[in-house]
Amino acid sequence: ELSEIRGDLHAHTDWSDGHDSLERMVQAAIARGYEYLVISDHSPSLTVARGLTPERLREQRRRIDELNQRYAPFRILQGAEVNIHPDGSLDYPDDVLAALDVVIASVHSAFDLPEERMTERVIRALANPHVDLLGHPTGRLLDSRLPYAIDLDAVLDAAAAFGVAIEVNGQPDRLDLPDIWVQRAIQRGILIACNSDAHSTRQLENMRWSVATARRGWAETRHVLNTRPLSDVLAWLERHREARRTSEDGGAAR
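Residues numbered from 1 in each chain as written. Predicted model: local features only at pLDDT ≥ 70, side-chain atom pairs only at ≥ 80, totals over all residues. Heavy atoms only, no water.

### Some details on the pattern of salt bridges
Applicable threshold: The salt bridge definition used is simple: a Lys or Arg side-chain nitrogen within 4 Å of an Asp or Glu carboxyl oxygen. Each residue gets one of three labels from its accessible area relative to the maximum for its type: buried under 20%, exposed over 50%, partly exposed in between, using a 1.4 Å probe on protein chains only. Only DSSP runs of H or I with at least four residues qualify as helices, and only runs of E with at least two residues qualify as strands; both kinds are numbered from the N terminus onward.
Using the criterion set out here, one finds 17 salt bridges in the structure. For the salt bridge of Arg24 with Asp20, the shortest nitrogen-to-oxygen distance reads 2.9 Å. We classify Arg24 as partly exposed; its relative accessible area is 46%. Between Arg32 and Glu205 there is a salt bridge; the shortest N-O distance is 3.1 Å. Residue Arg32 is found in the loop between α1 (22-31) and β2 (36-39), and its partner Glu205 is found in the loop between β7 (192-195) and α7 (207-216); the two are separated by 173 residues along the sequence. For Arg32, a relative accessible area of 30% translates into the label partly exposed. A network of salt bridges, in which partner residues are shared, links Glu23, Arg63, Glu66 and Arg70.

Written out as structure tokens, the structure is:
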């Protein structure tokens, strides 16, 4: 149910292509009864969206720290929606990614790659140990852009193997992950994140479309990451990152 959502894991501010300030987004999230909000402005290669350089990201972190003191116990997490380059690399170096609370990896360019290359691109991004969520996995825009060619079964297999959560994007022209694939994701044990992808305080309301899409895919409360309280979400993020570090260290040792 919409009432079970404890926080939004994907929201933009006027630091990149959002319309409202960080503080206004926080106030609107609190008004909705949320416990937490992930600010996930764009990474720098998406210049049309005024993506944040590492320097501006550090400035934003200082502002988030100030607001966390002011609005406690509500919690603002600093994330980023990080562009996946055509070769599968990410738009920030690993040291920048490691400093973020939440990393959402998304495709925002080169939509016309052949299926095999697009699939390899996304799977390589999921293999990065700092990635927590995959954003709008098909890239579709309803009535204006078809999904890009991608083997979603292979992508979901990789997400399950790497422990990466999958977004159900509530933007009305996205509704992405589609409901059929939501079901296939939860059958693999993948956690779903119901997100608004809000670019304004008003668009936080997009959460209802995300929840509706997840429900159509037979998602239950236990399948959705952000039905959990803040302490559980933070614990999941820590376990996820630690498991990836352990896996990477083990691979290096071998």
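### Let's talk about the side chain of His240
So the rule is basically this: Any N or O atom pair separated by 3.5 Å or less is treated as a polar contact, with the protein-specific requirement of one donor-capable and one acceptor-capable atom, and with residues adjacent in sequence counted only for side-chain atom pairs. Throughout, a contact is declared for two residues whenever any of their heavy atoms are within 4.5 Å.
Inspection of the secondary structure puts His240 in helix α8 (residues 230-253). You can call His240 buried: its relative accessible area is 6%. Among the polar contacts listed, one links the side chain of His240 to the backbone oxygen of Val131, at a separation of 2.8 Å. Here His240 is in contact with Val131, Asp132, Phe162, Gly163 and Val164, once residues within four sequence places are set aside.

### Here's the deal with a negative patch on the surface
Heads up, the rule is: The patches described consist of residues with a relative accessible area above 30% and no salt bridge, like charges being joined within 9 Å and nonpolar side chains (Val, Leu, Ile, Met, Phe, Trp, Tyr) within 5 Å. Accessible surface is estimated by sampling points in the Shrake-Rupley manner with a 1.4 Å probe; for residues, cover comes only from the protein chains shown. None of His or the chain ends enter the tally, which takes Lys and Arg as positive and Asp and Glu as negative. Every charge is mapped to an atom, namely NZ of Lys, CZ of Arg, CG of Asp or CD of Glu.
Among the surface-exposed residues, Glu115, Glu116, Glu120 and Asp151 lie close enough to one another that they form a single negatively charged patch. Along the chain, the position of Glu116 falls in helix α4 (residues 115-126). Given the relative accessible area of 59%, Glu116 is considered exposed.

### Structural notes on the nonpolar core
To keep things clear, this is the line we draw: The set of buried Ala, Val, Leu, Ile, Met, Phe, Trp, Tyr and Cys residues whose side-chain atoms join them within 4.5 Å is what this entry labels a nonpolar core.
Residues Leu126 and Ile192 are the most contacted members of the largest nonpolar core, which totals 61 residues. What Leu126 contacts, discounting residues up to four positions off in sequence, is Val131, Leu134, Val155, Ala158, Ala159, Phe162, Val164 and Arg244. Ranked by size, the runner-up nonpolar core spans 15 residues in total, among them Leu133, Leu225, Val233 and Trp236.

### Brief notes about the packing of aromatic side chains
What counts, and what does not: In summary, the pairing rule links any two rings of Phe, Tyr or Trp, Trp by its six-membered ring, whose centres are within 6.5 Å, and it sorts them by plane angle into stacked for under 30 degrees, edge-to-face for over 60 and tilted for everything else. The rule is short: NZ of Lys or CZ of Arg within 6 Å of the ring centre and within 35 degrees of the ring normal puts a charge over the ring.
One pass over the full model with this rule turns up 1 aromatic pair. For Arg145, the ring lying beneath its charged end belongs to Phe111, and the centroid distance is 4.0 Å.

### Points about the side chain of Asp197
Tracing the backbone shows Asp197 in the loop between β7 and α7. The side chain of Asp197 sits in the buried core without any salt bridge; Arg174 is the nearest counter-charge, 4.0 Å away. Those residues within four positions of Asp197 in sequence are excluded, and the remaining contacts are His10, His12, His136, Asn169, Gln171, Arg174 and Gln203.

### Some thoughts on the sheet that holds strand β4 (residues 102-106)
Heads up, the condition is: Between any two strands, pairing holds if DSSP finds at least two bridges.
Taken in spatial order, the 7 strands line up as β1-β2-β3-β4-β5-β6-β7 in an open sheet, and their pairing is parallel. Edge positions in the sheet fall to β1 (7-11) and β7, since each of these pairs with one other strand and no more. Pairing of strand β3 (residues 75-83) with β4, which is carried by 5 bridges, proceeds in the parallel orientation. Paired with Val82 across the bridge in β4 is Ala105.

### Concerning the environment of Glu35
By secondary structure assignment, the location of Glu35 is in the loop between α1 and β2. In this structure, the C-alpha to C-alpha distance between Glu35 and Ala72, residues 37 residues apart in sequence, is 9.6 Å. Other than its neighbours up to four places away in sequence, Glu35 contacts Arg6, Pro73, Phe74, Arg75, Pro229 and Leu230. In this structure the side chain of Glu35 is engaged in a polar contact, spanning 2.6 Å, whose partner is the side chain of Arg6. Reaching out from Glu35, the side chain makes a polar contact with the backbone nitrogen of Leu230 at a distance of 3.2 Å.

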